[in-house]
Amino acid sequence: MIRVDGTGKSNSLIQVRGLDKTYRRGGEEIQVLQRLNLDVDKGDFVGFMGPSGSGKTTLLNLLGGLDVPTHGSITVAGDEITHMSGNKLTQWRARHVGFIFQMYNLIPVLTAFQNVELPLLLTKLSKSERRKHVETALGVVGLAERMNHYPRQLSGGQEQRVAIARAIVADPTFLLCDEPTGDLDRKSADEIMELIHRLVKEYGKTVLMVTHDPVVAKRADLTLHLEKGLLVESGELGVTVGGVA
Amino acid sequence: MKFRGLIFANLFRKKLRLILTIGSFAVALVLFTFLAVVKSAFSRGTEIAGEDRLVVVSRIGLMQLMPISHRDKILAIPGVKAVTHNHWFGGVYQDEKNFFPQFVIDPENQRQVMTELVVPDDQWNNFVKDRMGAIAGARTAARFHWKIGDRIPIKTTLYGGGSSEFNLDGIYHSERPGGDESQFWLQWKYFDENAPAPVKSTAGWYVVKLNSPDDAVRVAKAIDEKFANSAFETKSETESAFAAYFAKQFGNIELLILTIGGVVFFTLLLVTGNTMAISVRERVGELAVLKAIGFSGRAVLFFVLAESIIIAFVGGVLGLTLAYLLIPVIGIALTGLLPPLILSKTLLTLGLGFALLVGVVSGLLPGIGAMRMRVVNALRRV
């Protein structure tokens, strides 16, 4: 169950409490996120919408351990990440987070197979075990036959599917998707959303996704709206939602 | 090494740039090695000089002659084992570009003093008996394809000029690695008989063999004191000091080589550093993604450094291989103008070390930048 009132159960997969993020630009303080609370359980699919500059990507970066909050805490699967050192946070990301970016961000000089294998290079898996995992991940996204192709030999939708395979190959705790369909046509976008939906429903993945596209947002269990750093609106079936604490 | 694929894929990202960078390394290494070999050639005289030998020249200068009577007076000084004397002959063989040093030697004492320059006994005996005899160093004999029994025409502009044909009675070898095998020796008796009056019964310089290297300072002082306030004052010094003085006649080779070497080093550093910086800048987004998915800053630094070190290593090995092949050819072309050019294992190791140092330094700066890069900022730029 997804809650934003700070009263979620203590065993939620992701717990965010009183999250503030302030940037300093030219002597001026810009508050991007204000006293944000969020509880996400395993298997939830949350969408974040909002105008540009509302703090969506900042929230995703904070949840993914790429940035640190000004105040507040983030706890994932019992680990509070807000006070982790840089190195610990890097190791934590490798174990718990799968990133899916708008621009796919594949390494152009590596094949689809090699791109998907990257997160596994940080594990102790043998070469044959890595191969097995990569083939499985590429099989899930329907690109098993394209594993030796380079990104330039793939369409945008296929590139994003390779990026999704890279995100899931190490079986992370949750997936963070930043505008995963933002660079795709409607048909490809639908295919990608179908795939992400399958990951949630069939494989029990937890997904947090930022999007501008209301059609895409509808695929999430719940869409939360961010405006000027506040979670101001919510609404979907089967979830309990509160106001800002 | 599981990161090998990633490192090599990035390395071959821009093949033309890779080839040009490796090429610049190779060319710089050839130049570096050549300069180092030339420097070593000039300083070799000092390195191989006999520790138990002194060279005695006129206090006025190297070209000033001394009376032959000095020989016995020097020999009488305690600590002196043997004395020989030489003259510069300054002849031309066929053409001026065929230069090699020609010395008029004293056959009676040459072998007692210059013990490392070995001539087989039968050849030496023929030389001693032959007024028109000559002995050539193995390198010079090989250079002109001379064999024993050949007649060698030498024209000289010194001592009244003239041309003579000498009989090649022997070929000497140096027992010391890197020793000089380019000299051409002539008989003092023949020279003295034909020399103009002012040159008769003179020596260009003396070489003194000591009983012990420990006597060098004392004997040198004693020789110079012996001839002090005479018409032919002397300047005595160890053979290595004389060789160093002689090398300085060519100018400050060491400074020249260090200056050119320094320019090569920094140019190479800038070229490679710039290449690495561009290469890192081009893939800031990719490096940020690597960091986002769990690669540490140190891993990213390692990738960048590995690339620059591989470029340096391949360029270095290529350059040293080229130098290894080219230097003997250049050495032959410059015979007579420069001492023998010898590319030693030490120089090869030094060259490779130099290449790797450039590789590390040029990769370090962009690598540290990539290591410290904030993922959020880098992803925003993609």
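Now for a description of the structure that goes with this document.

**Quick notes on unusual backbone geometry**
One non-glycine residue, A:Asn105, adopts positive backbone phi at about 50°. Summarising the element assignment, A:Asn105 is placed in the loop between strand 6 (97-100) and helix 3 (112-117). The exposure class assigned to A:Asn105 is buried, which follows from its relative accessible area of 10%. Unusually for a residue other than glycine, B:Asn229 sits at a positive phi of about 65°. Topologically, B:Asn229 is positioned in the loop between helix 8 (216-226) and strand 13 (234-238). Exposure remark for B:Asn229: the relative accessible area of 75% places this residue in the exposed category.

**Regarding the sheet that holds strand 2 (residues 28-40) of chain A**
Residues and elements named next belong to chain A. The strand order across the open sheet formed by four strands is 2-1-4-5, and the pairing between neighbours is antiparallel. Each of the sheet's edge strands pairs with one partner strand only, and the pair in question is strand 2 and strand 5 (79-80). In this fold helix 1 (residues 56-63) packs onto strand 1 (14-25), strand 2 and strand 4 (71-76), with an angle of close to 120° to the strand it touches most, strand 1.

**A look at the interface of chain A and chain B**
In this assembly, 21 residues from chain A lie in contact with 22 residues from chain B. Summed over both partners, the interface of chain A with chain B comes to about 2,000 Å²; 68% of that surface belongs to carbon and sulfur atoms. A salt bridge links A:Asp67 to B:Arg374; the nearest nitrogen and oxygen atoms lie 2.9 Å apart. Across the contact surface, chain A and chain B share five residue pairs in polar contact (both at pLDDT 80 or more). The biggest single contributor to the side of chain A that touches chain B is helix 2 (residues 86-96) of chain A, with three residues. Residues of the side of chain A that touches chain B, tallied by class, amount to 13 nonpolar, four polar and four charged.

Cut-offs applied
- Residues numbered from 1 in each chain as written.
- Chains lettered and ligands numbered in written order.
- Predicted model: local features only at pLDDT ≥ 70, side-chain atom pairs only at ≥ 80, totals over all residues.
- Heavy atoms only, no water.
- Helix = DSSP H or I, 4+ residues; strand = E, 2+ residues; numbered from the N terminus.
- Buried < 20%, exposed > 50% of the residue type's maximum accessible area, 1.4 Å probe, protein only.
- Pairing = 2+ DSSP bridges.
- Contact = heavy atoms within 4.5 Å.
- Axes fitted to C-alpha atoms, helices over the stretch in contact; angles between N-to-C directions.
- Buried area = accessible area lost by both parts, 1.4 Å probe.
- Salt bridge = Lys/Arg side-chain N within 4 Å of Asp/Glu carboxyl O.
- Polar contact = N/O pair within 3.5 Å; in protein donor to acceptor, adjacent residues only side chain to side chain.
- Nonpolar A, V, L, I, M, F, W, Y, C, P; charged D, E, K, R; others polar.

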